[in-house]
Amino acid sequence: MGDFFHTRIVETGRLPLFFFFVAFIATFVLTRINVRLIRADAKWWFKNVKAGDVHIHHVVFGVILMLVGGVLGIAAPALADNLTVASAALFGVGAALVLDEFALILHLEDVYWTERGRTSVDAVFVALALTGLLLLGIRPVGFEDLSTESAEFGRAVGIGIYVTTLVANLVLAVVVLLKGKIWTGLIGLFVPFLLWLGAVRLARPSSPWARWRYRPGSYRYRRAVWREERLRRPLIRAKIWLQEFIAGRHDRLPPVLRPGRHATASRQERVPHASDHEDPGVSGPSGGRSGIE
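This write-up is about the structure you can find in this document. None of the values given here were measured: they were computed from a predicted structure.

About the criteria used
- Every chain's residues receive numbers from 1 upward, in the order its sequence appears when written.
- For this predicted model, a pLDDT threshold of at least 70 governs which residues receive local features, and a threshold of 80 or more governs which side-chain atom pairs are given and counted, while totals over whole chains, interfaces and linings are taken from all residues.
- To get the side-chain values, take all heavy atoms of the structure and skip hydrogens and water.
- The aromatic pairing rule takes the rings of Phe, Tyr and Trp, using the six-membered ring of Trp, and pairs them if the centres are within 6.5 Å, calling planes under 30 degrees apart stacked, those over 60 edge-to-face and the rest tilted.
- Residue exposure (1.4 Å probe, protein chains only): buried if accessible area is under 20% of the type maximum, exposed if over 50%, otherwise partly exposed.
- We call a charge positioned over a ring when the NZ of a Lys or the CZ of an Arg lies within 6 Å of the ring centre and within 35 degrees of the ring normal.
- Geometry is summarised by axes, namely lines fitted to C-alpha atoms with helices restricted to the contacting stretch, and by angles between N-to-C directions that run from 0 to 180 degrees.
- Comment: elements are numbered from the N terminus, with helices defined as DSSP H or I runs of at least four residues and strands as E runs of at least two.
- When an angle is under 35 degrees it counts as roughly parallel; over 145 it counts as roughly antiparallel; between 65 and 115 it counts as roughly perpendicular; any other value is oblique.
- The contact criterion used throughout is that any non-hydrogen atoms of two residues lie within 4.5 Å.
- Residues are sorted three ways: Asp, Glu, Lys and Arg are charged, Ala, Val, Leu, Ile, Met, Phe, Trp, Tyr, Cys and Pro are nonpolar, and all the rest, Gly among them, are polar.
- Only residues whose relative accessible area exceeds 30% and that take part in no salt bridge are eligible for patches, with like-charged residues grouped when within 9 Å of each other and nonpolar side chains (Val, Leu, Ile, Met, Phe, Trp, Tyr) grouped when within 5 Å.
- For the accessible areas, the method is Shrake-Rupley and the probe is 1.4 Å, while residue cover comes only from the protein chains on display.
- Here a salt bridge means any side-chain nitrogen of Lys or Arg lying within 4 Å of a carboxyl oxygen belonging to Asp or Glu.
- The length a helix should cover is 1.5 Å for every residue beyond the first.
- By construction, the arc corresponds to the directions joining the helix axis to the C-beta atoms.
- Here, the term nonpolar core denotes a set of buried Ala, Val, Leu, Ile, Met, Phe, Trp, Tyr and Cys residues that are joined through side-chain atoms within 4.5 Å.
- Two helices that cross are described as forming a left-handed crossing if the nearer one is turned anticlockwise from the farther one by less than a right angle, and a right-handed crossing if clockwise.

### Description of the packing of aromatic side chains
- Taken as a whole and assessed by the stated rule, the structure comprises eight aromatic pairs.
- Ring geometry for Trp 45 and Phe 46: centres 5.1 Å apart, planes at 70°, overall edge-to-face.
- Judged by relative accessible area, Trp 45 falls into the partly exposed class, the value being 26%.
- In this structure Phe 46 comes out as exposed when scored by relative accessible area, which is 56%.
- Ring geometry for Tyr 112 and Trp 113: centres 5.1 Å apart, planes at 85°, overall edge-to-face. Judged on exposure class, the residue Tyr 112 and its partner Trp 113 are both buried.
- One residue, Arg 32, lies across the ring of Trp 113, its end atom 5.7 Å from the ring centre.
- In this structure, Arg 39 packs its charged tip against the face of Trp 113, placed 4.0 Å from the ring centre.

Structure (structure tokens):
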């Protein structure tokens, strides 16, 4: 195992990426454990970080750590391997904190525990998948190595082949993303076969491609709806189950809003909004914020 790690990670110059990957995973897992315990109103656990009445979300700390890690990595001397690795790990910690609240940034609302908050988990999963592929040495869009082609056919021909492949893959990726197949489009940048497969298959019925190309009631539209309901929905439910197993249940009232916990029926029926000056799904008896990070 040690030889494999040294050969595949250290000698290939991927050690900083490895530390970024490990730091990212560890931070995301620990962050989700933390917020779930806070949401459960565990008396023995930490509470939200506040500055007066202002709840300091962990995305703030993530931005700071990403800035410090990024500047440190850029400023580190080329021979300071330990400093480069440390900056990569620091950047990974910050990136996990930021992406864990990606939905908050996207919607400019505190939607952490709402259905829209699942976007954050999707962003984390995408980042892990893409980083994992890079760590395995799989290069995005293009050939794995053009050195052989360049030596055999000439540098100009090699560059031409690479640019053509690059443009073709990017165009296919755009088509696949417009068809509503986010995972296929992103992973396909590393595995081009998936781009070709996604480009020729039917679009999702709610995608921009379907709105532009599929007439309502047409055979292709009805086929797309059938595939969505019979094939894709079970996969989506399985993905949501896995996400919520790891990250916590969304759209679920926290303990402080459930019957018998000093909450009125009217407050139980609504989902708290950021404009209420409360975290989604969380409110203390006094109206202050508590219960999530």
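### Here's the deal with the packing of helix α2 (residues 15-39) against helix α12 (residues 219-247)
- Direction vectors running N to C along α2 and α12 enclose 75°, while the axes themselves pass 9 Å from each other. One finds that α2 runs roughly perpendicular with respect to α12. Contacts between α2 and α12 involve Phe 28, Arg 32 and Arg 36 from the first element and Glu 244, Phe 245, Ile 246 and Ala 247 from the second.
- A breakdown of the residues in the contact of α2 with α12 according to their chemical character gives four nonpolar, no polar and three charged.

### Focus on a nonpolar patch on the surface
- Taken together, the side chains of Val 49, Val 60, Phe 61, Ile 64 and Val 68 present a nonpolar region at the surface, about 390 Å² in accessible area.
- The residue Val 68 is located in helix α3 (residues 58-75) in this model.

### Topic: α3
- Look at α3: 26 Å from first C-alpha to last across 18 residues, which is about the 26 Å you get at 1.5 Å a residue.
- Regarding α3, the residues found buried are His 58, Val 59, Gly 62 and Gly 69. One side of α3 carries all its buried residues, which in axial view fall inside an arc of 90°. In α3, the exposed positions that point more than 90 degrees away from the buried face belong to Leu 67, Ile 74 and Ala 75.
- Check the buried side of α3 and you find it contacts α2, α4 (81-99) and α5 (102-107).

### Looking at helix α10 (residues 192-200)
- Taken as a whole, α10 has its buried residues at Leu 195, Gly 198 and Ala 199. Projected down its long axis, α10 carries its buried residues within an arc of 100°, all on one side. Projecting away from the buried face of α10 at angles above 90 degrees are the exposed residues Phe 193, Trp 196 and Val 200.

### Quick word on the nonpolar core
- Listed in full, the 11 residues of the largest apolar core are Phe 20, Phe 24, Phe 28, Ala 88, Ala 95, Ala 96, Val 121, Val 124, Phe 125, Ala 127 and Ala 247.
- Listed by contribution, the elements that provide at least two residues to this core are α2, α4 and α6 (118-135).
- Non-local contacts of Ala 96, meaning those with residues more than four positions away in its chain, are made with Phe 24, Thr 27 and Phe 28.

### Details of the environment of Gly 69
- Tracing the backbone shows Gly 69 in helix α3.
- As for Gly 69 and Gly 94, which are separated by 25 residues in sequence, their C-alpha atoms are 8.1 Å apart.
- Residues within four places of Gly 69 in sequence aside, it is in contact with Ser 87, Leu 90 and Phe 91.

### Comments concerning the packing of α3 against α4
- Viewed as axis vectors pointing N to C, α3 and α4 meet at an angle of 155°, and their least axial separation amounts to 7 Å. Taken as axis vectors, α3 and α4 run roughly antiparallel relative to one another. As for how α3 packs across α4, the hand of that crossing is left-handed. The residues of α4 that touch α3, namely those facing His 58, Val 59, Phe 61, Gly 62, Val 63, Leu 65, Met 66, Val 68, Gly 69, Gly 70, Leu 72 and Gly 73, are Leu 83, Ser 87, Leu 90, Phe 91, Val 93, Gly 94, Ala 95, Leu 97 and Val 98.
- Taken together, the residues of the contact of α3 with α4 break down into 14 nonpolar, seven polar and no charged.

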